[in-house]
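One-letter residues, chain by chain:
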Amino acid sequence: MKETKKFKTETKKLLDMMINSIYTHKEIFLRELISNASDAIDKRHYLSLTNTNIPTADYEIKVEADKDNRTLTITDNGVGMTKEELENNLGTIAKSGSKEFLEKIANEKTPDVDIIGQFGVGFYSAFMVAKELEVYTKSVNDNTSHVFKSEGLESYEVEDCDYNEYGTKIVLHLRDNTEDDNYDNFMDEYEIRQLIKKYSDYVRYPIKTWVTKYDPKDDKDDESKEPKTHLELETINSMIPIWKKNKSEVTDEELNNFYKNKFMDYQDPLFSINVNVEGMLTYNALLFIPKKPFYDMYSDRQDKGLQLYTKGVFILDKCKELIPDYLRFVKGLVDSADLPLNISREMLQEDRAIKKIASNVEKKILSELSRVLKNEREKYEEFFKDYGLNLKFGLYENYGEKKDKLQDLIILKSYNEDKNITFSEYVEKMKEGQKNIYYAIGKDKAAVEKLPQMDLVKAKGYDVLILSDDVDEFMLQAIKSYNEKEFKSINQDDLGLIDEEESKKIDELKETKKDFLASFKEALPGVKDVVLSKKLVDAPCCVTADGGLSFEMERVLKAQNHEVKADRILELNPNHPIFAKLEGLANVDKDEFNKVANMLYVEALLQEGILPDDPQAFAKNLTELLMK
Ligand code: ADP
């Protein structure tokens, strides 16, 4: 029975692109079709391991040209497709690569079709070179065979047929040659071999094509005549997966191409990591840090993990057990000889080999990062800009458990040097007598510069780390100290910076000013305490948070809908003239004193970027004072 169906709009859009493509590397269609064939064989092989009804075979992919009929045929003996699968898979866009491609060009006024090759556009890319195609297929799942035919325009046909082999055969009727494009090339023996080598060398199944061979010489042969030849079906690809090859055999370009194909990126990776381990546990891993984070890096819906192969057979696309969550941005695969082929998801969680591999993979990545930090600082900065947050979360989320592994990979902006530095670089430049590592919250140097608490730190010449990410302070609290130097917030902590004599003087003053401080506190019901400050030089006052919860953390947690409020402490500078003025006022005009006290408190809050609880009262107060 023959059925004609229309392509869905989205599919049509992609088809139009392909048919009208002026893309210069149309040759990538072969890579796409071979990759589909290889996936189909993977699927069949995997099914055959778990289902005895499904036979294995001598797996192969054939690429055959027929110059008389101007066709190119790609045949695989993989899973094949049922009728339903034919319609679902080829009648609509199944793949994210194609979708991503469409989305990308949809946003551009003059789409740059030259980017086609950078996406895995899959099956439809065949229409860049074919005016018509037929897909014969027989599914190992239901033994039925069907053919799908399309000219790529509006519709396709699906029909029963007698295709006797399990698997799929795609016949491309090549387009007519034009001035710009010679489609005959795709039927040229040498060209076909080149394309297979170039794009599909690592495919694990033999890719065969007909190759001209010279007949052995015969005495009777006339020397003057052309030598006789015959054709032999020959395997073209080396089949050794790129990750099994020796590092020295693989060029950077090959590695980059492999990455781009496999993980559907259009840029080379920032860097790649090759791991070969032999011994108690034998495995290879190939890991890549994408140049730019994938759009789904922070999405919880997206499964994370590395691809898992065992003995070269593909097992699982996203094995999350292979990589810690904070390294979720790493793409790659692990191929182990020590795992059973039929390992299930449940077994993975318990498997000791997997645990061991995961821990080595983590170690490898971190040591590579540390190498880049040391030797290629600029590249590391580029890396950290996009992925630093992940490492910071790695420290925070594990309650500092990963401190030893991760703390030396963190870089933060230095106030003194106005560039990113490590904790170790901070410590190296600590001043004589400096005990702590100081930090301030602020979006940049200019913001931190204005904090009233900075005066004293600046006077000492101490450096201050500028924390601008929400997670930064949480991270520092998780690791607490570096090389026994405690982290101190200049916004919050007692910095211990003034000299002993001065400190003693303030302690004594505290006693004599007890009543004044008490009435100050009374005037400010929202404040936990009012104290004399040991960290102010020029500013009249500042507000600090008591206990572990800082204002910054309060802000971050509130943004996540947590009901929290840090305890507020108002610190007064006893050396500031306003101190004496207020002291006088407290005794003569209670009402006026209350107002000024509140104004000062709001001033301190604003410097911390906190709005007053009652802005109306503040505004009223301000107007009254201005009227005086
Ligand atoms: P992708 O391969 O990335 O999913 P394609 O558009 O290339 O996207 O193919 C769509 C789907 O069609 C595939 O996911 C697969 O299920 C099916 N398919 C394509 N080629 C074959 C094939 N040779 N054998 C079996 N199934 C295939």
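Rules behind the numbers
- Residues numbered from 1 in each chain as written.
- Predicted model: local features only at pLDDT ≥ 70, side-chain atom pairs only at ≥ 80, totals over all residues.
- Heavy atoms only, no water.
- Pairing = 2+ DSSP bridges.
- Helix = DSSP H or I, 4+ residues; strand = E, 2+ residues; numbered from the N terminus.
- Buried < 20%, exposed > 50% of the residue type's maximum accessible area, 1.4 Å probe, protein only.
- Contact = heavy atoms within 4.5 Å.
- Salt bridge = Lys/Arg side-chain N within 4 Å of Asp/Glu carboxyl O.
- Axes fitted to C-alpha atoms, helices over the stretch in contact; angles between N-to-C directions.

**A short note on the pairing of strand β20 (residues 485–489)**
Two elements, strand β17 (residues 437–441) and β20, share three bridges in a ladder whose sense is parallel. From the neighbouring strand, Ile-437 faces β20, where its bridge partner is Phe-487. In the sheet, strand β19 (residues 481–482) pairs with β20 via two bridges, with the strands oriented antiparallel. Across the sheet, Ser-481 pairs through a bridge with Glu-486, a residue of β20. The antiparallel pairing of β19 with β20 creates a hairpin that spans two residues between the two strands, and Asn-483 there sits at a positive phi of about 50 degrees.

**Remarks on the environment of Lys-521**
Position of Lys-521 among the secondary structure elements: in helix α16 (residues 514–523). Residue Lys-521 is classed as partly exposed on the basis of its relative accessible area, which comes to 36%. When the C-alpha positions of Lys-521 and Ala-597 are compared, they lie 9.0 Å apart, and in sequence the two are 76 residues distant. In this view, Lys-521 contacts Val-527, Lys-528, Asp-529 and Val-530; residues no more than four positions away in its chain are not counted.

**Some words on the pattern of salt bridges**
As enumerated under the stated definition, the model contains 49 salt bridges in all. Across the salt bridge formed by Glu-157 and Lys-2, the nearest N and O atoms sit 3.9 Å from each other. Separated by 155 residues along the polypeptide, Glu-157 in strand β6 (residues 155–160) and Lys-2 in strand β1 (residues 2–6) bring together distant segments of the chain. On the accessibility criterion, Glu-157 (24% relative accessible area) is partly exposed.

**Considerations on the sheet that holds strand β22 (residues 541–546)**
Spatially, three strands are ordered β21-β23-β22 in an open sheet, and the strand pairing comes out mixed. A strand with exactly one partner marks an edge of an open sheet, and here the two such strands are β21 (529–532) and β22. Neighbouring strand axes in the sheet, compared pairwise and without regard to direction, differ in orientation by 30 degrees on average. Against the sheet, helix α19 (residues 590–607) touches β22 and β23 (567–572), its axis set at about 70 degrees to β22.

**A few points about the sheet that holds β6**
Pairing is mixed across the open sheet formed by nine strands, whose spatial order is β1-β6-β5-β4-β7-β3-β2-β8-β9. Each having just a single partner strand, β1 and β9 (229–235) make up the two edges of the open sheet. Across this sheet, the average inter-strand angle for adjacent strands is 20 degrees, counted without regard to direction. Looking at chain direction, strand β2 (residues 61–66) and strand β8 (residues 207–214) are connected through three bridges and run parallel. Bridging from a neighbouring strand, Ile-61 pairs with Ile-207 of β8. Strands in contact with helix α2 (residues 28–50) are β2, β3 (71–76), β7 (167–174) and β8; relative to β3, the strand with the most contacts, it is inclined by about 25 degrees. Strand contacts of helix α3 (residues 83–90): β1, β4 (130–138), β5 (145–150) and β6, with the helix running at about 25 degrees to β5, the strand carrying the most contacts.

Limitation: the analysis is restricted to geometry and does not speak to function.
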